[in-house]
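# Summary of the model geometry
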Amino acid sequence: MGSVSNQEFPGVCKTEEDEGPSTEEDSQSFHGVGICKWFNVRMGFGFLSMTDREGVPLDEPVDVFVHQSKLHMEGFRSLKEGEAAEFTFKKSSKGLESQKVTGPGGIHCVGSERRPKGKKVQKRRSKGDRCYNCGGLDHHAKECKLPPQPKKCHFCQSIDHMVANCPIKAQQSSPGSQGKPSPLKGDEELSHTAPPPETSD
């Protein structure tokens, strides 16, 4: 997409070599018709592809810069690629810049369905919904049909302790276990074994 500053129009906007220093023409406003060539919704600018200037069809489309502040519409201002537009524009030191952009006949611009993605628009990752009352996967605790269940360890599902005191989790996280589960140990194993016999001297 080359520079548009040196593009010529029939009877208007001659090149700088032809016209010498800036003239009144630089501040004049013209009317154009075309479509949106592309528009970056995050940055808020793009280019129009002008096909008609002052009612005269152009042999080749000409690029005209467009900023979201120049769009005639409500809410989030943007343009959809290929959207028809009417606009006023002027020649500046940077090229052709739109001054006011509307839809055909002066109606509001349609705009793009896209919206800029930011930190606030991030989607929450699903962690696998589960009922905290019974552990079921098909509902949440507020929808659970069972009466309140006793609290249990989230790691091994035992009602004898909480996850902070889970002997299985502690053993798996120790360096020697290498993350392999092993039979129950700790408080639960001690509760199932008989105390050693006492010997008298």
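Just so we're clear, the structure is a prediction, and the values are computed from it rather than from any experiment.

## Some details on the overall build of the protein
Each helix and strand in the protein was counted, giving three helices and five strands. Its helices and strands in sequence order give the protein the pattern α-β-β-β-β-β-α-α, from N to C terminus. Burial statistics for the protein: of 201 residues in total, 28% are counted as buried. When contacts within the protein are restricted to residue pairs at least 6 apart in sequence, long-range pairs at least 24 apart make up 48% of them. Surface summary for the protein: the accessible area is close to 14700 Å², and the carbon and sulfur share equals 52%.

## Overview of the packing of aromatic side chains
Enumeration according to the criterion identifies six aromatic pairs in this entry. Taken together, Trp38, Phe45, Phe47 and Phe65 form an aromatic cluster joined through their ring pairs.

## Focus: the pattern of salt bridges
Close approach of charged atoms allows side chains with opposite charge to pair. In total, this model carries two salt bridges according to the counting rule given. In this structure, Lys37 engages Asp63 in a salt bridge whose closest nitrogen and oxygen atoms are separated by 3.2 Å. Of the two residues, Lys37 sits in strand E1 (residues 30-40) while Asp63 sits in strand E3 (residues 56-67), which places them 26 residues apart along the sequence. On the accessibility criterion, Lys37 (35% relative accessible area) is partly exposed. A salt bridge links Lys80 to Glu113, with the nearest nitrogen and oxygen atoms 3.2 Å apart. In this pair, Lys80 is assigned in the loop between E3 and strand E4 (84-92) and Glu113 in the loop between strand E5 (95-102) and helix H2 (167-173), connecting sequence segments 33 residues apart. By relative accessible area, which is 36% here, Lys80 ends up partly exposed.

## Focus: unusual backbone geometry
For residues that are not glycine, phi is negative in most cases, and the peptide bond is trans in most cases. Not every positive phi belongs to a glycine, and Glu54 is a case in point at roughly 55°. With respect to the secondary-structure elements, Glu54 resides in the loop between strand E2 (45-53) and E3.

## Notes on the UniProt feature "domain: CCHC-type" (unreviewed entry) in the protein
When the UniProt feature table is mapped onto this chain, "domain: CCHC-type" (unreviewed entry) is found at residues 130-145. Within the segment residues 130-145, helix and strand shares are 0% and 0% respectively, and the terminal C-alpha atoms sit 14 Å apart.

## Observations regarding the nonpolar core
Soluble globular proteins: nonpolar side chains tend toward being buried together. Counting residues in hydrophobic clusters, the biggest one holds 19 residues, and the most contacted among them are Leu48, Met50, Leu71, Leu79, Phe87 and Val101. Of all the elements in the fold, those that place two or more residues in this core are E1, E2, E3, E4 and E5. If you tally residues by element for this core, the top one is E3, at four residues. Excluding residues that lie within four positions of it along the chain, Leu71 makes contacts with Phe39, Val66, Arg77, Ser78, Leu79, Val101 and Cys109.

## Observations regarding the pairing of E5
Where E4 meets E5, seven bridges bridge the pair, whose relative direction is antiparallel. Residue pairing for E5: Lys91 is matched across the bridge by Leu96. Here E4 folds back onto E5, and the loop between the two strands holds two residues.

## Here's the deal with the pairing of E3
Here E2 pairs with E3 via eight bridges, running antiparallel. Pairing of Ser49 across the sheet is with Asp63, part of E3. Following E2, the chain reverses through two residues before pairing antiparallel with E3; Glu54 in that reversal takes a positive phi of roughly 55°.

## Digging into the environment of Leu79
Secondary-structure assignment places Leu79 in the loop between E3 and E4. Residue class for Leu79 comes out buried when judged on its relative accessible area of 2%. Residues Leu79 and Asn40, spaced 39 residues apart in sequence, show a C-alpha to C-alpha distance of 8.5 Å. Apart from the residues within four sequence positions on either side, Leu79 is in contact with Cys36, Phe39, Leu48, Val66, Leu71, Cys109, Gly111 and Ser112.

## Concerning the environment of Met73
Following the sequence through the fold, Met73 ends up in the loop between E3 and E4. As a C-alpha pair, Met73 and Val101 span 28 residues in sequence and 9.1 Å in three-dimensional space. Among all residues touching Met73, those that are not within four sequence positions of it are Ser78, His108, Cys109, Val110 and Gly111.

Thresholds applied
Residues numbered from 1 in each chain as written. Predicted model: local features only at pLDDT ≥ 70, side-chain atom pairs only at ≥ 80, totals over all residues. Heavy atoms only, no water. Helix = DSSP H or I, 4+ residues; strand = E, 2+ residues; numbered from the N terminus. Buried < 20%, exposed > 50% of the residue type's maximum accessible area, 1.4 Å probe, protein only. Contact = heavy atoms within 4.5 Å. Areas by Shrake-Rupley, 256 points an atom, 1.4 Å probe, with all protein chains shown as cover. Phe/Tyr/Trp six-rings, centres within 6.5 Å; stacked < 30°, edge-to-face > 60°. Salt bridge = Lys/Arg side-chain N within 4 Å of Asp/Glu carboxyl O. UniProt positions renumbered as here; feature names shortened; annotations may be inferred. Core = buried A, V, L, I, M, F, W, Y, C linked by side-chain atoms within 4.5 Å. Pairing = 2+ DSSP bridges.

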